[in-house]
Protein chains: 2
Amino acid sequence: MGIEIERKFLVAGEGWRRVARGPGLPIRQGYLSAGAGPAVVRVRIAGPQGFLTIKGPGGLVRAEFEYPIPLDDAQSLLALCTAPPLAKTRHEVPHEGHLWTVDVFEAPERLAGLVLAEVELPDAKAAPPLPDWLGPEVTEDPRYTNAALAKSGPPAGAVKA
Amino acid sequence: MGIEIERKFLVAGEGWRRVARGPGLPIRQGYLSAGAGPAVVRVRIAGPQGFLTIKGPGGLVRAEFEYPIPLDDAQSLLALCTAPPLAKTRHEVPHEGHLWTVDVFEAPERLAGLVLAEVELPDAKAAPPLPDWLGPEVTEDPRYTNAALAKSGPPAGAVKA
């Protein structure tokens, strides 16, 4: 059991790539439940590891329960999901004492080119220094949860041509 | 990962109580997803242990993925479920080489008094001897999945007055 406190931003430009660590981690994920009840149930394959994650209602502070599961299970569970899996590469980008994650979306096709940055915070009042490659904040915009993106695609203007 | 092959019956009478082992196991469970996608996501507390279970579409043969989780997590997750938890007591009842489970439902109130018996089978063609306290078979009746019972209550006539 945990509480996830996280701010999320669009990304403007490629400045983050100069400080990103390594080649990034390939992630595939899908949703067993997204929007029917208050909780989202996510199946994720991150590199060689499967995860089953339950998240409470979205926003800055969010309940999160994450369990590692066998890779084989995760692959079978992706086939039970409500939509084709979402694929992205996750980059770790350090900035003034905080570790940002930058997700570059690849699939489904309508999400290709979307880039989102997130930073996890120790408490809801923490004020991390903001890198200059960030775009507008979307923490409280429900259209930018990964579950909503998987279901409905990106909001207009979120993906650069 | 697993496949669950299971037949399910209504129960006629109390004959099973003479051969039931011990006092039974108290179970509370709820659903994070039930009916929106192809999969059901169940949170269960069985005695002192929590479980998170994903089941594929219902019927005789059903994909099932079950993971033990901390009791505290299970209690928090029950609060995220789509409906108040279902409570039942599970009894183990041996009969001619097969172990039946008999579930006596207690909550929500509209399910109180419902009794269902299940037997897990090694393959879809197994033909276990049927105890004489069984009522009609409901294996393929989607109204008798626990998720449907939690959502919609018992079908007419399923609960004795």
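This text follows the structure it describes.
Residues numbered from 1 in each chain as written. Chains lettered and ligands numbered in written order. Predicted model: local features only at pLDDT ≥ 70, side-chain atom pairs only at ≥ 80, totals over all residues. Heavy atoms only, no water.

**What to know about the overall build of chain A**
Along the backbone of chain A there are two helices and nine strands. In chain A, the succession of helices and strands from N to C terminus is β-β-β-β-β-α-β-β-β-β-α. Against the globule reference of 15 Å for 161 residues, chain A gives a C-alpha radius of gyration of 15 Å, in line with a compact fold. Sorting the 161 residues of chain A into buried and exposed places 53% on the buried side. A sequence separation of at least 24 residues applies to 57% of the contacts in chain A between residues at least 6 apart. Here chain A holds 17 positive side-chain charges and 19 negative ones, and the gap between their average locations is 4 Å. (Helix = DSSP H or I, 4+ residues; strand = E, 2+ residues; numbered from the N terminus. Rg over C-alpha atoms; globule rule 2.2 N^0.38 Å. Buried < 20%, exposed > 50% of the residue type's maximum accessible area, 1.4 Å probe, protein only. Contact = heavy atoms within 4.5 Å. Lys, Arg positive; Asp, Glu negative; His and termini not counted. Charge placed at Lys NZ, Arg CZ, Asp CG, Glu CD.)

**A word on the environment of Ser33 of chain B**
Relative to the helices and strands, Ser33 of chain B is located in strand E2 (residues 21-34). Considering only alpha carbons, one finds Ser33 of chain B and Pro57 of chain B, 24 residues apart in sequence, at a separation of 12 Å. What Ser33 of chain B contacts, discounting residues up to four positions off in sequence, is Leu32 and Ser33 of chain A together with Ala39, Val40 and Val41 of chain B.

**Overview of the pairing of strand E6 (residues 86-95) of chain A**
Residue and element names in this part refer to chain A. The element E6 is extensively covered by neighbouring structure, given that eight of its ten residues are classed as buried. Examined bridge by bridge, E6 and strand E7 (residues 98-107) share nine bridges and lie antiparallel to one another. By the bridge assignment for E7, Glu92 is matched with Thr101. Between the antiparallel neighbours E6 and E7 lie two residues, among them Glu96 with a positive phi of about 45°. (Pairing = 2+ DSSP bridges.)

**Digging into the packing of aromatic side chains**
In the structure shown here, the tally under the stated rule is four aromatic pairs over all chains. Look at Phe9 of chain B and Trp100 of chain B: their rings are 5.6 Å apart centre to centre, the planes differ by 55°, and that puts the pair in the tilted class. Note that Phe9 of chain B is positioned in strand E1 (residues 2-11) and Trp100 of chain B in strand E7 (residues 98-107), a separation of 91 residues in sequence. Owing to a relative accessible area of 0%, Trp100 of chain B belongs among the buried residues under this scheme. Between Trp100 of chain B and Trp133 of chain B, the aromatic rings sit 6.1 Å apart at their centres with planes inclined by 75°, giving edge-to-face as the arrangement. A residue pair is termed long-range when its members are at least 10 positions apart, and Trp100 of chain B in strand E7 and Trp133 of chain B in the loop between strand E8 (115-120) and strand E9 (134-137) qualify at 33 residues. Joined through ring pairs, the aromatic side chains of Phe9, Trp100 and Trp133 of chain A make up one cluster. (Phe/Tyr/Trp six-rings, centres within 6.5 Å; stacked < 30°, edge-to-face > 60°.)

**Quick notes on the interface of chain A and chain B**
Listed by partner, the interface residues are 22 residues for chain A and 22 residues for chain B. Contact with chain B buries area across many residues of chain A, yet Tyr67, Asp73 and Leu80 of chain A alone supply 28% of it, more than any other trio. Inspection of the chain A/chain B interface yields zero salt bridges. At the junction of chain A with chain B, the criterion picks out two residue pairs in polar contact (both at pLDDT 80 or more). At the level of elements, strand E2 (21-34), strand E4 (49-55), strand E5 (61-69) and helix H1 (71-78) of chain A are the ones that each hand at least two residues to the side of chain A that touches chain B. Class assignment for the residues of the side of chain A that touches chain B results in 16 nonpolar, five polar and one charged. (Buried area = accessible area lost by both parts, 1.4 Å probe. Salt bridge = Lys/Arg side-chain N within 4 Å of Asp/Glu carboxyl O. Polar contact = N/O pair within 3.5 Å; in protein donor to acceptor, adjacent residues only side chain to side chain. Nonpolar A, V, L, I, M, F, W, Y, C, P; charged D, E, K, R; others polar.)

**What about the pattern of salt bridges?**
Residue and element names in this part refer to chain B. If you walk through the whole model with that rule in mind, you get 22 salt bridges over all chains. Across the pair Arg7 and Glu137 runs a salt bridge whose closest N-O atoms are separated by 2.7 Å. With Arg7 in strand E1 and Glu137 in strand E9, the pair connects residues that are 130 residues apart, well separated along the chain. Its relative accessible area of 38% is what places Glu137 among the partly exposed residues.

**Concerning the relation of the copies chain A and chain B**
By a simple turn and slide, chain A fits onto chain B: the slide is 0.0 Å along the axis, the RMSD is 0.0 Å, and the turn is 180°. The superposition of one copy onto the other is thereby described by a two-fold rotation axis. When each C-alpha of chain A is compared by its distance to the rotation axis, Ser33 of chain A comes out closest, at 2.7 Å. A high fraction, 100%, of the interface residues of chain A reappear at the interface in chain B, so the copies pair face to face through one surface. (Least-squares fit on C-alpha atoms with pLDDT ≥ 70 in both.)

**What about unusual backbone geometry?**
Residue and element names in this part refer to chain A. For the bond running from Ala107 to Pro108, omega is 0°, close enough to zero to count as cis. Along the polypeptide, Pro108 turns up in the loop between E7 and strand E8 (115-120). If you check the backbone angles, Glu96 has positive phi at about 45° while not being a glycine. Secondary-structure assignment places Glu96 in the loop between E6 and E7.

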